[in-house]
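Spelled out, the chains give:
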Amino acid sequence: MLSKRLIKFRNDLIKILPKTPNSKETKQYLEKESLSGLIFHYLSWLSRFVSIKQRTTIVEDEVTKDPRWERCKEGIKYLLNKVEKGENLTPHLSLKIHSKGFSLPYPNKHDRWEDKDFLLNAMGFHHFHLGTNIEEGGFITRTDEVLFAQVTHDLFKAVAIINHSVFESDDGQLTPERSRLWSIFDKYTTQGHEPGTVVLSTVITFSGHPIHIMSLTQSYSYIVTQIDPKLDDPEFVNSMFKDSSIAAPNKPKIEWMINASGLGIYERKTETFFILKTGFN
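In this text, all values refer to a predicted model and were calculated from it rather than measured experimentally. Counting restarts for each chain, with residues numbered from 1 along the sequence as it is written. Owing to the predicted nature of the model, reporting of local features is limited to residues with pLDDT of at least 70; listing and counting of side-chain atom pairs is limited to 80 or more, with chain, interface and lining totals taken over all residues. Side-chain numbers come from the whole structure's heavy atoms, not from hydrogens or water.

Caption draft 1: The arrangement of the pattern of salt bridges in detail. The salt bridge definition used is simple: a Lys or Arg side-chain nitrogen within 4 Å of an Asp or Glu carboxyl oxygen. All told, the structure shown has 15 salt bridges when counted by the stated rule. In this structure, lysine 73 and glutamate 70 form a salt bridge, with 3.0 Å as the shortest nitrogen-oxygen distance. Taken together, the residues span about one helical turn, with lysine 73 and glutamate 70 both in helix α5 (residues 69-85) at a distance of three residues. Among the ionic pairs, arginine 180 bridges to glutamate 177, the shortest N-O distance being 3.9 Å. A residue pair is termed a helical-turn pair when its members lie 3 or 4 positions apart in one helix, as arginine 180 and glutamate 177 do in helix α7 (residues 176-190) at three residues. Three labels apply to residues, based on accessible area from a 1.4 Å probe with only protein chains included: buried if under 20% of the type maximum, exposed if over 50%, partly exposed otherwise in between. Given the relative accessible area of 25%, arginine 180 is considered partly exposed. Helix and strand definitions here come from DSSP, where helices need a minimum of 4 consecutive H or I residues and strands a minimum of 2 consecutive E residues; each element is numbered from the N-terminal end.

Caption draft 2: Main features of the pairing of strand β10 (residues 262-267). Of all six residues in β10, six are buried; the element is thus mostly enclosed. Burial along β10 is two-sided: the face carrying Gly262, Gly264 and Tyr266 and the face carrying Leu263, Ile265 and Glu267 are both buried. By the convention used here, strands pair only if DSSP detects at least 2 bridges between them. Bridge count between strand β9 (residues 254-259) and β10: six bridges; the pairing is antiparallel. What sits directly across from asparagine 259, in β10, is glycine 262. From the end of β9 to the start of β10, which pair antiparallel, there are two residues, and alanine 260 there has a positive phi angle of about 55°. Relative to strand β11 (residues 272-277), β10 runs antiparallel, the two sharing five bridges. Residue pairing across strands places glutamate 267 opposite threonine 272, the latter belonging to β11. The antiparallel pairing of β10 with β11 creates a hairpin that spans four residues between the two strands, and glutamate 271 there sits at a positive phi of about 55°.

The following block contains the structure:
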């Protein structure tokens, strides 16, 4: 039998995750999923965001030597300034992340990429719009040219200025912009390796998800199932506060939480988040 903590955790994931269609049927589908299944869908959606933190920026030559650099540099410098200050970059991301979190799989009709970013999953590159004005909806003005970047916990590496044709197909063939981005990706994947070396690039599953999401899901699911029963033990809970040099409240209100893709235990009275495992960026 699930604890109240796990029931709330499941319900929170389902509630927050954008659903397509946003219907009772989709909600019921998710309610039948295992805990690991819910975590998997949630992390897959979260992987399209960038956590809010300060990062060192690097701008590669492919960006500054691009003929579009002069036209785009104001927007790029505006974005990089926000990165270095640790500001929220979500306004620069695709609007689809707010509505395409999980798509109900219909037999023979489901587009497996409807709720995913193919280029992010395949290459690990986020793309950012380069406007400098915030629109009424809270997002940056959309631009045809976007900046592709490799984002880690500490680093933001700008790798290419690309226009929106990179997201299109030309009768099943690669558009010039997508072909160029693949070449850049291949360069970074093989960088530092001797000629003839076999290099394993980003691995994605048949469902279109990157394998690292599956691995992280398995790790989170294991941690939750192992730790949750211990959270009914006052001594265990008090030890968490003691180890963090924080005074434990009377009758702590403990719940599970995924915050900025990291898994942890949240205590409401003290507003303390105990991080058990960090996420992807």
